[in-house]
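# Geometric and topological summary
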Amino acid sequence: MPRLGPAWQPPVPGAQPAEQAGLKPPAAEVIAVCSGKGGVGKSTVALNLAAALAQDGARVGLLDADVYAPDIPLMLGLARRATAKHWTLARPGGLARTPLEPVERHGLRLMSAGFIVGEDQPVSWTADLVGALLNQMLWSTVWGELDFLVLDLPPGTGDITQAILRLIPAARAVLVVTPQDAAHLDTRRVITALNAAKITIAGGVENMSGLICPCCGERIDLFPPVAEHRSIWSAGVTRLGTVPMEPAKDDALAEPVVLTRPESVRALALRAAATAIRATL
Ligand SMILES: Nc1ncnc2c1ncn2[C@@H]1O[C@H](COP(=O)(O)OP(=O)(O)OP(=O)(O)O)[C@@H](O)[C@H]1O
């Protein structure tokens, strides 16, 4: 386990771990979307999973836990332009005291560091301060009643991932990979970390799985096949979805595609993955 500072403890500094402190996760089901590598489509899967669940009538929160690179606001055109000048969480005793209003979009309740810091502002804080922010976003957001809380975690097994999983041990993990050797091998490290933390792995989604030709609709494989014994599937992860790569369209803010382009091949695949993920819970 990495060394975690006091601010990583749940809301009141020095308190017991969340479940011992009587804190319940803010939703009946918490789904943590993880990956070993960056850029594999984790935020895309998390956002579309959340949107698909909400479209089916569930009350869904989405927490962008990638504090260093919060992408969910960018995907939704909600990025904050102004630079945050003061950080009230840094005050001693200021942890989790201020309620945060989630941003509502597409029927989702959203929280992200991207709503707090500016679009171009680097998050170069100490682990303690990042921990304070995570605590704040998780426990002090006015989520209301939720059926599902989807967590978009940073790639890898760093301190944010470890801390979140420690705070919500009941979370189910969904792993996102691309059909590339490195993506699978790095995600196998995540599996080891999840197993050590006794987090249940619901399954995996393979994203960018072939390119659908916009002219003929044929699937073109972009990467050489991953050796079965190096894949996450051979480590016992159930494949819950296979999402093809879709060539760019002119509208940059098309996410979540399950709502904006529900008939596209990618949206249909993401929706099928969401249905399969829900069935595992
Ligand atoms: N199936 C797909 N087809 C086409 N583009 C995709 C697909 N999946 C993801 N993308 C695009 O790839 C880029 C990276 O996706 P995304 O931000 O979801 O990855 P990530 O794993 O969350 O990245 P990070 O490691 O930075 O958090 C985005 O521009 C996204 O729109």
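Residues numbered from 1 in each chain as written. Predicted model: local features only at pLDDT ≥ 70, side-chain atom pairs only at ≥ 80, totals over all residues.

## A look at the overall build of the chain
What the chain contains, in helices and strands, is seven helices and 10 strands. By residue count, 45% of the 281 residues in the chain fall in the buried class. (Helix = DSSP H or I, 4+ residues; strand = E, 2+ residues; numbered from the N terminus. Buried ≥ 20, exposed ≤ 12 C-beta atoms within 10 Å, placed from the backbone.)

## Observations concerning the pairing of strand S7 (residues 200-206)
A regular strand places its side chains so that they alternate between the two faces of the sheet. Judged by how many residues are buried, S7 sits mostly within the fold: six of seven residues are covered. Direction of pairing for strand S6 (residues 172-177) relative to S7: parallel, over a ladder of six bridges. Among the inter-strand pairings, Leu-175 is bridged to a residue of S7, identified as Gly-204. Assessed by its sense of winding, the connection that carries the chain from S6 through helix H5 (residues 181-196) to S7 is right-handed. Two strands pair when backbone bridges link them, and S7 and strand S10 (residues 239-242) are joined in this way by three bridges, in the parallel orientation. Counterpart to Glu-206 in the pairing with S10 is Thr-242. (Pairing = 2+ DSSP bridges. Right-handed = clockwise from strand over helix to strand, strands pointing away.)

## So, the sheet that holds strand S3 (residues 103-105)
Ordered in space as S3-S4-S2-S5-S1-S6-S7-S10, the eight strands form an open sheet in which the pairing is mixed. Strand pairing shows two members of the sheet lacking a second neighbour, S3 and S10, which therefore form its edges. On average, each strand axis in the sheet is tilted by 25 degrees relative to the strand beside it, whichever way the strands run. Relative to S6, H5 is tilted by about 170 degrees, and along the sheet it contacts strand S1 (29-34), S6 and S7. (Axes fitted to C-alpha atoms, helices over the stretch in contact; angles between N-to-C directions. Contact = placed C-beta atoms within 7 Å.)

## A short note on unusual backbone geometry
For Lys-198, which is not a glycine, the phi torsion comes out positive at approximately 60 degrees. Tracing the chain through its elements places Lys-198 in the loop between H5 and S7. With phi around 55 degrees, Met-208 is a residue other than glycine that occupies positive phi space. Inspection of the secondary structure puts Met-208 in the loop between S7 and strand S8 (211-212).

## Notes on the environment of Leu-146
Take Leu-146: it is sitting in the loop between helix H3 (127-139) and strand S5 (148-152). For the pair formed by Leu-146 and Pro-70, sequence separation is 76 residues and the distance between their alpha carbons is 22 Å. If we skip the residues at most four places from it in the chain, Leu-146 touches Pro-26, Ala-27, Arg-59, Val-60 and Gly-61.

## Points about the packing of helix H1 (residues 42-55) against helix H7 (residues 265-279)
Contact geometry for H1 and H7: axes closest at 9 Å, N-to-C directions at 70 degrees. With respect to H7, the element H1 is oriented roughly perpendicular. Residue-level inspection shows Val-45, Asn-48, Leu-49, Ala-52 and Leu-53 of H1 in contact with H7, the latter providing Leu-270, Arg-271, Ala-274, Ile-277 and Arg-278. (Parallel < 35°, antiparallel > 145°, perpendicular 65-115°, else oblique.)

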